[in-house]
Amino acid sequence: MLWGSREIGSPAIGGTVIILVVMTSMINEVLSNRNMRKACRHVVSNKGSAGVDGMAASRLTEHFRVQGAQLVATVQAGSYVPDSILGVGIPKSNGKTRLLGIPTVQDRMLQQAVHQVMMPRFEAEFKAHSYGFRPKRNAQQAVLRAQHHINEGYQHIVDIDLKSFFDEVDHCKLLQLVYRKVKCPATLRLIRQWLRAPILVNGKLQKRRKGVPQGSPLSPLLSNIMLHELDRELERQGLRYVRYADDFSIYLKSKSEAKKVGNSIFLFLKDRLKLPINRAKSGLRKPVQFTLLGYSFVPTYVKGERGRYQLVVEQGSWQSLKQRLKAITRKTSPTPLEERIRQLNEVQRGWLNYFRLASMTGKLGTLDSWVRNRLRCCIWKHWKKPERRRKNLIRLGIDQDHAYAWSRTRMGTWAVAQSPMLLTTITLKRLAARGYESMLEHYNKVAPHLNEPLYTRPVRTVV
């Protein structure tokens with residue numbers, strides 16, 4: 001049993017009572033039954049890939065029930081050694097790969113347990129303009145704050161890109177910062193072991209002497225602890241800024257001031273935090289050249305609103321979405337229509353929920369039309385033989401003569417998909433009956449500027 005703080009009174013010579021205060025160390029809080037069970041549920045619900053031991057997240061509950069007591073005893077005795085991390089390369093939008101470190105599910109559970117205890121201690125002192133990996137904060141809030149700064153006239157932006165931040169974090173510096181709030185030697189030993197755990201890449205173990213593995217439950221908190229020092233420096237200088245994890249930007253009113261601030265922050269990152277900067281991606285930006293978390297900024301072009309900017313989706317995000325939709329609606333893939341529609345809805349709704357702040361009605365209408373034509377291609381291809389096509393066209397309301405002629409057409413599938421024959425038979429209404437929802441329809445539901453309460457809209461006098 002893990003005990004909490006309590007006072008023990010014992011009589012001494014002369015009747016004096018000596019009060020001994022037994023304080024609970026952080027490791028006991030981490031290893032408490034309630035905290036460990038909560039961490040186990042969190043890891044199981046997140047699913048995720050297996051680590052080097054091959055154990056799936058779905059097996060963790062049973063493993064913890066059987067081995068939990070032994071695991072806790074091993075950690076308390078100081079003899080726990082974490083497994084190595086599985087290194088997996090995931091593709092980036094620029095064609096390169098990012099190395100993701102996947103701990104075993106048992107290590108992920110322990111890291112999550114430490115995270116749950118550490119997070120409240122650090123969250124209280126994190127700054128208001130830090131939005132990444134924090135409770136009740138998200139990327140949309142960061143983008144809206146950036147738009148607010150720009151529309152208030154702070155339109156000279158210092159955009160700094162940290163070069164491979166998660167791979168460059170200095171372990172000694174990070175552990176010094178953690179020690180400010182975490183005095184428990186056992187917990188610090190665990191964190192240090194996780195930071196130094198070797199990574200298995202292409203069958204070869206590699207030592208790690210710097211960096212925080214992306215993919216572990218503890219890495220977002222550790223990155224925020226490291227970059228909290230940057231937030232403190234920016235606030236000490238009285239600057240307007242927005243930070244989402246390692247993506248941050250500073251907003252100023254003049255170019256000369258932006259240059260001065262950019263140089264000072266560069267030196268601070270290099271000398272104090274030992275973090276390198278990607279010079280190719282960093283620089284001074286105007287709003288039209290600036291992108292933040294997939295959003296771009298363009299002038300509103302509304303009379304009386306000079307110098308104000310609205311949010312749009314950057315071109316790279318459009319291209320990435322189109323590639324995903326193209327893969328789902330590939331006509332050569334033997335996927336049932338219902339499954340295609342389910343996958344489309346999942347991708348489209350997730351993308352729109354993230355980019356709901358942007359103005360994009362016109363582009364969505366064009367993209368919806370393209371997606372529906374690709375679905376018609378898939379349906380026409382699935383019908384295959386001319387006789388089956390003829391019968392299906394008749395079922396959809398085409399007279400027998402036209403159905404026979406179109407079923408024997410030599411036109412390609414893309415041309416047929418855009419022809420009046422399929423446009424008037426495989427309609428949006430019929431696709432909707434099979435579960436399809438257009439992007440424009442979902443956007444009109446979730447876009448906040450299209451769903452504001454009536455009393456918040458400006459009153460216009462009709463003359």
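Treat the numbers as computed from the prediction; the structure is a model and nothing was measured. Per chain, the residues get numbers from 1 upward, laid out in the order the sequence is written. Only residues with pLDDT of at least 70 are given local features in this predicted model, and only at 80 or more are side-chain atom pairs given and counted; all residues enter the totals for whole chains, interfaces and linings. Water and hydrogen atoms were dropped before computing side-chain values, which therefore reflect all heavy atoms in the structure.

(A) View of the sheet that holds strand β8 (residues 240-244). Only strands that DSSP links by at least two bridges are regarded as paired with each other. Strands here are runs of E lasting at least two residues and helices are runs of H or I lasting at least four, both read from the DSSP assignment and numbered beginning at the N terminus. If you walk across this open sheet you meet the four strands as β8-β9-β5-β10, and the pairing is antiparallel. Because the sheet does not close on itself, it has two edges, and the strands there are β8 and β10 (283-285). For this sheet, the mean inter-axis angle between neighbouring strands, taken without regard to orientation, is 25°. Here strand β5 (residues 156-161) runs beside strand β9 (residues 247-252); their pairing, made up of six bridges, is antiparallel. Its bridge partner being in β9, I160 is matched across the sheet by F248. Contacting β5, β8 and β9, helix α5 (residues 139-151) crosses the sheet at an angle of about 160° to β8. Fitted lines through C-alpha atoms give the axes, limited to the stretch in contact for helices. The angle between two N-to-C directions lies from 0 to 180 degrees. Should any heavy atoms of two residues lie within 4.5 Å, those residues are considered in contact.

(B) Fine view of the sheet that holds strand β11 (residues 291-292). In space, the three strands of this open sheet follow the order β11-β12-β13, with antiparallel pairing throughout. Each of the sheet's edge strands pairs with one partner strand only, and the pair in question is β11 and β13 (309-313). Taken together, the five bridges between strand β12 (residues 295-299) and β13 define a ladder with antiparallel strand orientation. Its bridge partner being in β13, P299 is matched across the sheet by Y309. Sheet strands in contact with α5 are β11, β12 and β13, and its direction is about 145° off that of β13.

(C) Summary view of the packing of aromatic side chains. Pairing of aromatic rings covers Phe, Tyr and Trp, the last counted by its six-membered ring, and requires centre-to-centre distances within 6.5 Å; plane angles under 30 degrees mean stacked, over 60 mean edge-to-face, and any other angle means tilted. Inspection of every chain in the model, using the stated rule, returns ten aromatic pairs. Note on Y295 and Y354: the rings are 6.0 Å apart at their centroids and 40° apart in plane angle, and the pair reads as tilted. One end of the pair, Y295, is in strand β12; the other, Y354, is in helix α12 (residues 337-354), and 59 residues separate them in sequence. Judged by relative accessible area, which is 28%, Y354 ranks as partly exposed. Here Y354 and F355 contribute two aromatic rings whose centre-to-centre distance is 4.7 Å and whose plane-to-plane angle is 85°, an arrangement assigned as edge-to-face. When accessible area is computed with a 1.4 Å probe and restricted to protein chains, residues below 20% of their type maximum are described as buried, those above 50% as exposed, and intermediate ones as partly exposed.

(D) Fine view of the pairing of β8. In this sheet, β9 lies alongside β8 in antiparallel orientation, the contact comprising five bridges. Along β9, the bridge assignment pairs Y244 with D247. Counting the residues between successive antiparallel strands, the hairpin from β8 to β9 contains two residues, one of them, A245, with a positive phi of roughly 55°.

(E) Spatial organisation of unusual backbone geometry. Residue K47 is not a glycine yet carries a positive backbone phi of 60°. Assignment of secondary structure puts K47 in the loop between α2 (33-46) and α3 (60-77). A relative accessible area of 61% means that K47 is categorised as exposed. Look at K384: it is not a glycine, yet its phi comes out positive at around 60°. Along the chain, K384 falls in the loop between α13 (361-383) and α14 (386-395).

(F) Quick peek at the nonpolar core. We define a nonpolar core as any set of buried Ala, Val, Leu, Ile, Met, Phe, Trp, Tyr and Cys residues linked to one another through side-chain atoms lying within 4.5 Å. Core analysis: the largest hydrophobic core is formed by 66 residues, its most contacted members being M118, I225, I250 and L269. It is helix α4 (residues 105-123) that provides the largest number of residues to this core, a total of nine residues. In this structure, L269 is in contact with I160, L162, L230, F248, K274, L275 and I277, ignoring residues within four places of it in sequence. Counting 53 residues, the second-largest nonpolar core is a separate cluster that includes L321, L325, W380 and L393.

(G) Inspection of the confidence of the model for the chain at higher detail. On a range of 0 to 100, pLDDT expresses the predictor's confidence in each residue. When the pLDDT values of the chain are averaged, the result is 87; 91% of them are 70 or greater. Ignoring residues within four places in sequence, the model shows residues 1-24, a span with pLDDT below 50, making 29 contacts including any to other chains. Across residues 453-463 the pLDDT falls below 50, and counting only partners more than four positions away or on other chains, this stretch makes two contacts in the model.

(H) The pattern of salt bridges, seen in detail. The salt bridge criterion pairs a side-chain nitrogen of Lys or Arg with a carboxyl oxygen of Asp or Glu, the two atoms within 4 Å. Within the structure shown, the criterion is met by 19 salt bridges. R240 is the salt-bridge partner of E152, the closest N and O atoms lying 2.5 Å from each other. Separated by 88 residues along the polypeptide, E152 in the loop between α5 and β5 and R240 in strand β8 bring together distant segments of the chain. Through salt bridges with shared partners, a single ionic network connects R180, E229 and R232.

(I) Representation of the packing of α2 against α3 in the model. At a minimum axis distance of 11 Å, the contact between α2 and α3 shows a crossing angle of 150°. What the angle tells us is that α2 and α3 run roughly antiparallel. Note that α2 runs across α3; the crossing there is right-handed. Residue-level inspection shows M36, R37, C40, V43 and V44 of α2 in contact with α3, the latter providing L60, T61, F64 and L71. Residues are grouped as follows: Ala, Val, Leu, Ile, Met, Phe, Trp, Tyr, Cys and Pro are nonpolar; Asp, Glu, Lys and Arg are charged; all remaining types, including Gly, are polar. Here the contact of α2 with α3 is built from residues that sort into seven nonpolar, one polar and one charged. The labels follow the angle: roughly parallel below 35 degrees, roughly antiparallel above 145, roughly perpendicular from 65 to 115, and oblique for the rest. By convention the crossing between two helices is left-handed if the near helix lies anticlockwise of the far one by an angle smaller than a right angle, and right-handed if it lies clockwise.

(J) Examining the side chain of R108 more closely. Summarising the element assignment, R108 is placed in helix α4. In this charge count, Lys and Arg are treated as positive and Asp and Glu as negative; neither His nor the chain ends contribute. The buried charged residue R108 lacks any salt bridge partner; its closest oppositely charged side chain belongs to D53, at an N-O distance of 7.5 Å. Residues adjacent in sequence count toward polar contacts only when both atoms are side-chain atoms; beyond that, a polar contact is any pair of N or O atoms within 3.5 Å, and within protein one must be able to donate a hydrogen and the other to accept it. At 3.1 Å, the side chain of R108 and the backbone oxygen of S49 are in polar contact. For R108, the side chain forms a polar contact with the main-chain oxygen of P103, separated by 2.8 Å. What R108 contacts, discounting residues up to four positions off in sequence, is V43, K47, G48, S49, A57, I102, P103, G215 and P217.

(K) Molecular detail of a positive patch on the surface. Residues qualify for a patch when their relative accessible area is over 30% and they have no salt bridge, like charges being joined within 9 Å and the nonpolar side chains of Val, Leu, Ile, Met, Phe, Trp and Tyr within 5 Å. The Shrake-Rupley method, run with a 1.4 Å probe sphere, supplies the accessible areas, and residue values consider only the shown protein chains as cover. Lys charges are placed at NZ, Arg charges at CZ, Asp charges at CG and Glu charges at CD. A cluster of basic side chains, namely K331, K381, K384, K385, R388, K391 and R395, defines a positive patch on the protein surface. A per-element tally of the positive patch places α14 first, with three residues. Note on placement: R388 falls in helix α14. Take R388: its relative accessible area is 39%, and that puts it in the partly exposed class.

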